[in-house]
Amino acid sequence: MSFSRPDENTLGAPITRSGRRATEVARRFARPGTAHRGSLGTTFLAAGAAIVVAIRLLYGFAWFVVYWDEYPVPLAALSAWAVLLAVSIAAVVLFRVTGERMADWMFGLFLAALGGAVALDLIAIWGLHDVGRYATAAVSAGMVLLLVLTLRSSGEIIAAAGAIGLALAVAMAVNTRPLVEHLAQQISTLAFAVLPAVIGVVVVRGFRRMVRIELDRVLVQSTVSAPRFAVGMLASEELARLDLDAEKLLDSVANGEVALPLDPRTASVAASLATELRLHLIEGRRETWLYHAITESGMLGQSVTLTDPSSLAGLLDPSQRDGLLSAVWLVISDGATTNPNRSVHITLGPVRPTGRPDRRILVPIVMKTTGLPRNRVDPAVWDALGKVGPYDDSTEDASLRVQIDCAVDSPAEVASTHSSQGR
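Per chain, residue numbering runs from 1 following the sequence as it is written. Thresholds applied to this predicted model are a pLDDT of at least 70 for local features of residues and 80 or more for the giving and counting of side-chain atom pairs; totals over whole chains, interfaces and linings are not thresholded and use all residues. Excluded from the side-chain calculation are hydrogens and water; included are all heavy atoms of the structure.

Participant: What exactly am I supposed to notice about helix 7 (residues 154-175) here?
Facilitator: In an α-helix, one full turn covers 3.6 residues, which means residues spaced three or four apart are oriented alike. We count a stretch as a helix when DSSP gives it H or I for four or more residues in a row; a strand needs E for two or more, and each element gets its number in order from the N terminus. A helix is expected to span 1.5 Å multiplied by its residue count minus one. Its 22 residues place the ends of helix 7 31 Å apart at the C-alpha level, agreeing with the 32 Å of an ideal helix rising 1.5 Å per residue. Looking at helix 7, one finds that the buried residues are I157, A160, A161, I164, G165, L168, A171, M172 and N175. Along the axis of helix 7, the buried positions cluster into a sector of 130°, meaning they face one direction only. Facing away from the buried side of helix 7 by more than 90 degrees, the exposed set consists of L166, A173 and V174. Its buried side turned inward, helix 7 meets helix 4 (104-125), helix 5 (131-134), helix 6 (137-144) and helix 8 (180-221). Relative accessibility under 20% of the residue-type maximum defines a buried residue, over 50% an exposed one, and the middle range a partly exposed one, all with a 1.4 Å probe and only protein chains included. Taken from the helix axis, the directions to the C-beta atoms give the arc we talk about. Between two residues, a contact is recorded if the distance between any of their heavy atoms is within 4.5 Å.

Below is the structure:
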């Protein structure tokens, strides 16, 4: 009999040893959308792009009709528009039918059709010696790239738009008379051919990043209500897998499928299951919600380090946890684009008495940041830190240092209360 190990867990990260778990999750979350998949809710972006492309095609086709009598080779221009309209309709239909996928060979045909449309349009207007003024289908071909914006990688879209722009620039340099009055029109034509794809790539990449950040935040936020010591989402998936394998083994022994004593191979499997279960039980008694929030986050796991030898983070109540997590999140997410090297180090403890008769204790929390001047701190960070407790901030080595005095219930007092309620 065999006991299978899944390739991925519930977060989509490869199952690994606990020491490598955070790194693998971070890499998985940081990985951009694949080149063949419109992911992270970009479907409505593609629908909006199709509307924009349709409007641009109507505008370009109107100018094609106006220039019809001036074309030296009007049938070539008509063929260019026929190819452009056919490939645009095919791209929209493909997007709806194939489930947001475009194979490499399909993308190759798509680019070849766009190149053919550009070539036919240039042939039609070559005798006019003014590419910037009379090009219509060639300019619209750059806009048509928006139809596959969510289906292919950003680099491919930029490269295709650059190739169209380069072809038009070479044609302008060779064919158009070098007159000052033509310069502005040539530049604007190149911009209309290249910039829409560039702007579309920037918008889609920003949208995908925003969705990944928000999804990561939602997953991490679930740790706020976790017990003081608990296994995380990743460990829960691994425990479910271990539990299933253990049940299969025990059931096989009970049914007589596996004879006793166990053969060496089956005994090795049972020993491995027992070892992994013990490791998870030990981890569950020393890993706090804050540890899981950091290690299981694709963003925090790369930029935040935690020093909490006494597992004091588990003593914070849900409001204090939410404030601390929100403050760290705001610091890191705000610097993801402006300063990728921004990092935060959190240190908790040692505890000390509050000096008040309520028998609460103070958990000192020090949050040190790198790459964050104090005048660049989002005001919402201070509001979030106020939920944790009174704080003092200072500048240390050109970085921000925040000392928070977090008052929490004494664990001994809580245990005594629970014991009296049980009696």
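Participant: What is the right way to read the side chain of T369 from this model?
Facilitator: Looking at the element boundaries, T369 is found in strand 4 (residues 360-370). Owing to a relative accessible area of 2%, T369 belongs among the buried residues under this scheme. Ignoring any residue separated from it by four or fewer positions in sequence, one finds T369 in contact with V331, S343, V344, S399 and L400.

Participant: Before we go on, may I ask you to explain the UniProt feature "transmembrane region" (unreviewed entry) in the protein in this structure?
Facilitator: UniProt positions are given in the numbering used here, feature names are shortened, and annotations may be inferred rather than shown by experiment. Feature annotation in UniProt assigns "transmembrane region" (unreviewed entry) to the following positions: residues 44-68, 74-95, 107-128, 134-151, 158-175 and 187-207. Within the segment residues 74-95, helix and strand shares are 100% and 0% respectively, and the terminal C-alpha atoms sit 32 Å apart. Segment residues 134-151 splits into 50% helix and 0% strand. End C-alpha atoms: 31 Å apart.

Participant: Is there a simple way to explain the pairing of strand 6 (residues 399-409) in this structure?
Facilitator: Within a regular beta strand, the side chains point alternately toward one face of the sheet and then the other, so they alternate between its two faces. Following DSSP output, two strands are said to pair if at least two bridges run between them. Pairing between strand 4 and strand 6: nine bridges, direction antiparallel. Within strand 6, the residue paired with R360 across the bridge is D409. Pairing analysis gives six bridges linking strand 5 (residues 391-396) to strand 6, with the strands arranged antiparallel. Paired with S394 across the strands is R401, a residue of strand 6. A loop of two residues connects strand 5 with strand 6, the two strands running antiparallel in sequence, and D397 in this loop sits at a positive phi of about 55°.

Participant: I'm lost on unusual backbone geometry in this one. Help?
Facilitator: Negative phi characterises most residues that are not glycine, and trans characterises most peptide bonds. At the junction of G349 and P350, the peptide bond is cis and its omega measures out at -5° in the coordinates. Its identity is not glycine, yet H129 carries a phi of approximately 55°, on the positive side. In this structure, H129 sits in the loop between helix 4 and helix 5. Notably, S311 is not glycine yet its phi reads approximately 55°, a positive angle. For S311, the location among the structural elements is in the loop between strand 1 (304-307) and helix 13 (318-338).

Participant: Even after reading the chapter, I still don't get the nonpolar core, so can you show me in this structure?
Facilitator: Looking at soluble globular proteins, one finds that nonpolar side chains tend to be buried together. Counting 54 residues, the largest nonpolar core has L84 and F110 as its most contacted members. For this core, the secondary-structure elements that each account for two or more residues are helix 2 (43-66), helix 3 (74-97), helix 4, helix 5, helix 6, helix 7 and helix 8. Aside from chain neighbours lying at most four places away, what touches L84 is L57, L114, A117, A137, S140, A141 and V144. If you look at the next biggest cluster of nonpolar residues, it comprises 40 residues, including A327, L348, L372 and V408. We call a set of buried residues a nonpolar core when its members are Ala, Val, Leu, Ile, Met, Phe, Trp, Tyr or Cys and they connect through side-chain atoms within 4.5 Å of each other.

Participant: Help me out: how do you make sense of the pairing of strand 2 (residues 343-348) in this one?
Facilitator: Of the two faces of strand 2, the one lined by V344, I346 and L348 is fully buried and the one lined by S343, H345 and T347 carries no buried residue. As paired strands, strand 1 and strand 2 are joined by four bridges and run parallel to one another. From the neighbouring strand, T305 faces strand 2, where its bridge partner is H345. Taken together, the six bridges between strand 2 and strand 4 define a ladder with antiparallel strand orientation. In the strand pairing of strand 4, S343 is matched with T370.

Participant: Looking at this model, I keep getting lost on the packing of helix 4 against helix 7. Mind explaining?
Facilitator: For any two helices packed against each other, the geometry is given by the interaxial angle and the distance between the axes. To obtain each axis, a line is fitted to C-alpha atoms, and for helices this fit is confined to the stretch in contact; angles are then taken between N-to-C directions over 0 to 180 degrees. Relative orientation of the contacting elements helix 4 and helix 7 amounts to 15°, with a least axis distance of 11 Å. When the axis of helix 4 is compared with that of helix 7, the two are roughly parallel. The element helix 4 and its partner helix 7 pack so that their crossing is right-handed. Taking contact as the criterion, the partners of F107, L111, V118 and L122 in helix 4 are, on helix 7, E156, A160, I164, L168 and A171. Under the convention adopted here, Pro, Cys and the residues Ala, Val, Leu, Ile, Met, Phe, Trp and Tyr are nonpolar, Asp, Glu, Lys and Arg are charged, and Gly plus all remaining residues are polar. In terms of residue class, the contact of helix 4 with helix 7 is built from eight nonpolar, no polar and one charged. When describing relative orientation, an angle under 35 degrees is termed roughly parallel and one over 145 degrees roughly antiparallel, while 65 to 115 degrees is termed roughly perpendicular and anything else oblique. Left-handed describes a crossing whose near helix is turned anticlockwise from the far helix through less than a right angle; right-handed describes the clockwise counterpart.

Participant: I would appreciate a short explanation of a nonpolar patch on the surface in the present structure.
Facilitator: The patch calculation keeps residues exceeding 30% relative accessible area without a salt bridge and links them within 9 Å when they carry like charges or within 5 Å when they are nonpolar (Val, Leu, Ile, Met, Phe, Trp, Tyr). For every accessible area listed, the method is Shrake-Rupley and the probe measures 1.4 Å; residues are considered covered only by the protein chains on display. We define a salt bridge as a contact between a side-chain nitrogen of Lys or Arg and a carboxyl oxygen of Asp or Glu at a distance within 4 Å. A cluster of nonpolar side chains, W126, L166, V170 and V174, forms an exposed patch at the surface whose accessible area comes to about 400 Å². Relative to the assigned elements, V174 resides in helix 7. In this structure V174 comes out as exposed when scored by relative accessible area, which is 60%.

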